[in-house]
Amino acid sequence: MLSYPFMQYAFVASFFISILCGLMGVFVVARKTAFFTHTLSEISFSGASFGVFLGTSPILGMLLFTVLSSLMIGTVGSRVSRRESSISVFSVFFIGLGILFLSLADTQSSYATNILFGSIVGISYSNVQTLVGLSIAIIVITTLIYRKLKYNSFDNVGASFNSRANTLVSVIFLILLACTVSVTAQIVGSLLIFALLTIPASSARYFVHSIWSMTILTFVFSLIGTWFGLYLSFVTNLPVSFFIATIETIIYIIAVIYDKVTRI
């Protein structure tokens, strides 16, 4: 299996993706932004379609659309109720754009399927270089604002007293999340991207309770799902996103059972 270059690229890419999911997934769960993550996955589909329509790299279109939408939602949706409404509006609008761009682009329907569900065959060396570069940038920026982000995510009462700093950290986090979604979509696909950004972190919190422990365990769960999913996809020639979602769901069920047993 590892004699094929695209599989080598896929395993390297999934390793960095797991690092991002471990770092960002904990804050996605803590900040209760799973719904926004799901919306970003839909927006990334629209961005990829836009990139295909222009004849450029789909990831550039993903980054453009997801970052812009994060800025708009982060500034327009200051209140929780307003933010939910904004997310719904942007979600519908960008899905419509994605369908429009795909219909205008001169591409086969199989390419649209790869955007939605992911494709390990389509990963090239340049994709890996872009992914590694973006991953390092996201990790560095997250590390720089880690203390403020942790304070903002886990102490809402205290953070509310400094609303200006709270808004700035929230917008930066949304931008980082948008970049993470764009990077991760290459493996999992835009439809199931939230599976890696929410399920592993939700499973980890049943086993451990400190932030760093949750981050490490989330990384481990993500790596198990992606690497084992890649292997099963190679063997069966079925979509890798199906196996990743299934594996992460099984891990989550085990975590819930473990939590119930330990509470008895």
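Note that this is a predicted model, so its numbers are computed, not measured. (Residues numbered from 1 in each chain as written. Predicted model: local features only at pLDDT ≥ 70, side-chain atom pairs only at ≥ 80, totals over all residues. Heavy atoms only, no water.)

(A) Highlighting the packing of helix 1 (residues 5-30) against helix 6 (residues 125-144). Remark: helix 1 packs on helix 6, axes separated minimally by 10 Å, with the N-to-C direction vectors making an angle of 20 degrees. Here helix 6 runs roughly parallel to helix 1, going by the angle between their axes. At the point where helix 1 passes helix 6, the crossing takes the left-handed sense. Residue-level contacts link Tyr-9, Val-12, Ala-13, Phe-16, Ile-17, Ile-19, Leu-20, Leu-23 and Met-24 of helix 1 to Tyr-125, Val-128, Leu-131, Val-132, Ser-135, Ile-138, Ile-139 and Thr-142 of helix 6. Classifying every residue of the contact of helix 1 with helix 6 by side-chain character gives 15 nonpolar, two polar and no charged. (Axes fitted to C-alpha atoms, helices over the stretch in contact; angles between N-to-C directions. Helix = DSSP H or I, 4+ residues; strand = E, 2+ residues; numbered from the N terminus. Parallel < 35°, antiparallel > 145°, perpendicular 65-115°, else oblique. Left-handed = near helix turned anticlockwise from the far one by under 90°. Contact = heavy atoms within 4.5 Å. Nonpolar A, V, L, I, M, F, W, Y, C, P; charged D, E, K, R; others polar.)

(B) Geometry of helix 1. End to end, helix 1 covers 37 Å across 26 residues, agreeing with the expected 38 Å (1.5 Å per residue, within 8%). Maximal helix bending in helix 1 amounts to about 35 degrees, located at Met-24. Directly beyond the C-terminal end of helix 1, a positive phi value near 55 degrees is found at Lys-32. (Expected span 1.5 Å × (residues − 1). Bend = angle between axes of the 7 residues up to and from the residue.)

(C) Local environment of a nonpolar patch on the surface. A contiguous nonpolar patch, built from Met-1, Leu-2, Tyr-4, Trp-212, Ile-216, Val-220, Ile-224, Phe-228, Tyr-231, Phe-234 and Val-235 and spanning about 1000 Å² of accessible area, is present on the exposed surface. With respect to the element layout, Ile-224 can be found in helix 11 (residues 211-236). (Patch = residues over 30% accessible without salt bridge, like charges linked within 9 Å, V, L, I, M, F, W, Y side chains within 5 Å. Areas by Shrake-Rupley, 256 points an atom, 1.4 Å probe, with all protein chains shown as cover. Salt bridge = Lys/Arg side-chain N within 4 Å of Asp/Glu carboxyl O.)

(D) Quick peek at the environment of Val-181. Tracing the backbone through its elements, the reader meets Val-181 in helix 9 (residues 163-188). Residue Val-181 is classed as buried on the basis of its relative accessible area of 0%. Each C-alpha atom, one on Val-181 and one on Leu-197, is 8.4 Å from the other, the two residues being 16 residues apart in sequence. When residues no more than four places from it in sequence are discounted, the contact partners of Val-181 are Thr-37, Leu-40, Ser-41, Ser-44, Ile-193 and Leu-197. (Buried < 20%, exposed > 50% of the residue type's maximum accessible area, 1.4 Å probe, protein only.)

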